[in-house]
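What follows is each chain in one-letter form.
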Amino acid sequence: MSKPSKEHSEKSLRTRYLTVGQTARILGISPSTLRLWENIGLISPARSSGRYRLYNPELLEVLKRIKYLRDVKKLSVPGIKQMLGEKRPGVAGSSTNHKPDIGSRLRKMRKSRDLGIVEAADRAKISPGFLSAIELSKANPSTATLQRLAATYDTTVLEFFDIPHHSRRLIRPNQRRSLRTGVGVEWELLSIGTKMLECMLVRVEPSAGSDGAYSHAGEEFIYVLKGSLEIWLDELECHVLQEGDSFWFESNLGHRWFNPSDEEAVLIWVNTPLTF
């Protein structure tokens, strides 16, 4: 019995799947939007041997959900990933203890300032639905969103960590307080009780980042232990940091960043004063 030809297999595969153009027409979006969603990790379409993207019925339903969350719920990429229930493996070497309940803490901060969901969300420039999801621990805010919420509540991101009341000169790896922002970014406190600086170990998964620009008082220093990081300052300067590079900048410059590579980036990140 003869084996089916490559051309026959390709044709058979395409009858079971939709192409980029077909999928885009069904959803009412552009093909470039589909490619963008793939690049930022929302979807992973199948590929033909000719490397054409192919979409099955199950993935089409996921795409419809993504479009709904973006257009109706007005969620950001991290919010969409959380609502999709995406599960990511734990990062090797990171602490599994001392994870703060950011949602309940943010809710208490908002209520203590007598702010409603709509007003607080408007000040932080996010949707009320996304803020509600954060407070219910159904979504993780990105670094940029946490910065805006901290400014809204007249505090710092440091207050979102579960920090001991007493200072510590020595912190063992299993004693680190950690905070996961958005999807794929984790901050681990390397210093507790300091008066003038914050020192953190930051892990950034491929294609993850701040999800927007933010600014605050102070200065920042970054040392790249592993991988690479692309950082923009005031949308005018773009720097790509590689393993072994060190970098500093004024924190009042609008800064956004992300991992452009296909491997995890690990950084030492220092802020001064305590304004992160």
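Quick caveat: nothing in here was measured; it's all calculated off a predicted structure. (Residues numbered from 1 in each chain as written. Predicted model: local features only at pLDDT ≥ 70, side-chain atom pairs only at ≥ 80, totals over all residues. Heavy atoms only, no water.)

**Comments concerning the sheet that holds strand 4 (residues 185-189)**
Phase 1: Ordered by their spatial adjacency, six strands build an open sheet running 3-4-5-11-6-9, and the pairing between neighbours is antiparallel. Lying at the two open borders of the sheet, with one neighbouring strand each, are strand 3 (178-181) and strand 9 (246-250). Each neighbouring strand pair of the sheet contributes to a mean axis angle of 25°, computed without reference to strand direction.
Phase 2: Two strands pair when backbone bridges link them, and strand 3 and strand 4 are joined in this way by four bridges, in the antiparallel orientation. Counted as the bridge partner of Ser-178 is Glu-188 from strand 4. (Pairing = 2+ DSSP bridges. Helix = DSSP H or I, 4+ residues; strand = E, 2+ residues; numbered from the N terminus. Axes fitted to C-alpha atoms, helices over the stretch in contact; angles between N-to-C directions.)

**Some points on the confidence of the model for the protein**
Atomic detail in the predicted coordinates should be set aside for any region of low pLDDT.
Phase 1: Here the protein shows a mean pLDDT of 82. Residues at 70 or above account for 86%.
Phase 2: The spread of mean pLDDT over the elements of the protein runs between helix 1 (residues 6-16), the lowest at 45, and strand 9, the highest at 98.
Phase 3: Note that pLDDT drops below 50 for residues 1-15; the model gives that stretch nine contacts with residues more than four away or on any other chain.
Phase 4: Low pLDDT (under 50) marks residues 86-97, which in the prediction has 29 contacts with non-local residues, meaning those over four places away or in another chain. (pLDDT = per-residue confidence, 0-100. Contact = heavy atoms within 4.5 Å.)

**Description of the pattern of salt bridges**
Phase 1: A full pass over the atoms with the stated rule returns 11 salt bridges.
Phase 2: A salt bridge links Lys-67 to Asp-71; the shortest N-O distance between them is 3.5 Å. Here Asp-71 and Lys-67 lie together in helix 4 (residues 57-71), a separation of four residues that amounts to about one turn.
Phase 3: The partner of Glu-264 in a salt bridge is Lys-226, and the shortest N-O contact between them spans 3.9 Å. Of this pair, Glu-264 sits in the loop between strand 10 (255-258) and strand 11 (265-272) while Lys-226 is found in strand 6 (residues 219-226), placing the two residues 38 residues apart along the sequence.
Phase 4: Owing to a relative accessible area of 35%, Lys-226 belongs among the partly exposed residues under this scheme. (Salt bridge = Lys/Arg side-chain N within 4 Å of Asp/Glu carboxyl O. Buried < 20%, exposed > 50% of the residue type's maximum accessible area, 1.4 Å probe, protein only.)

**With respect to helix 9 (residues 143-152)**
An α-helix turns once per 3.6 residues; consequently, residues spaced three or four apart project the same way.
Phase 1: A large share of helix 9 lies buried, amounting to eight of its 10 residues.
Phase 2: One or two positions beyond helix 9, positive phi appears at Asp-154, with a value near 55°.

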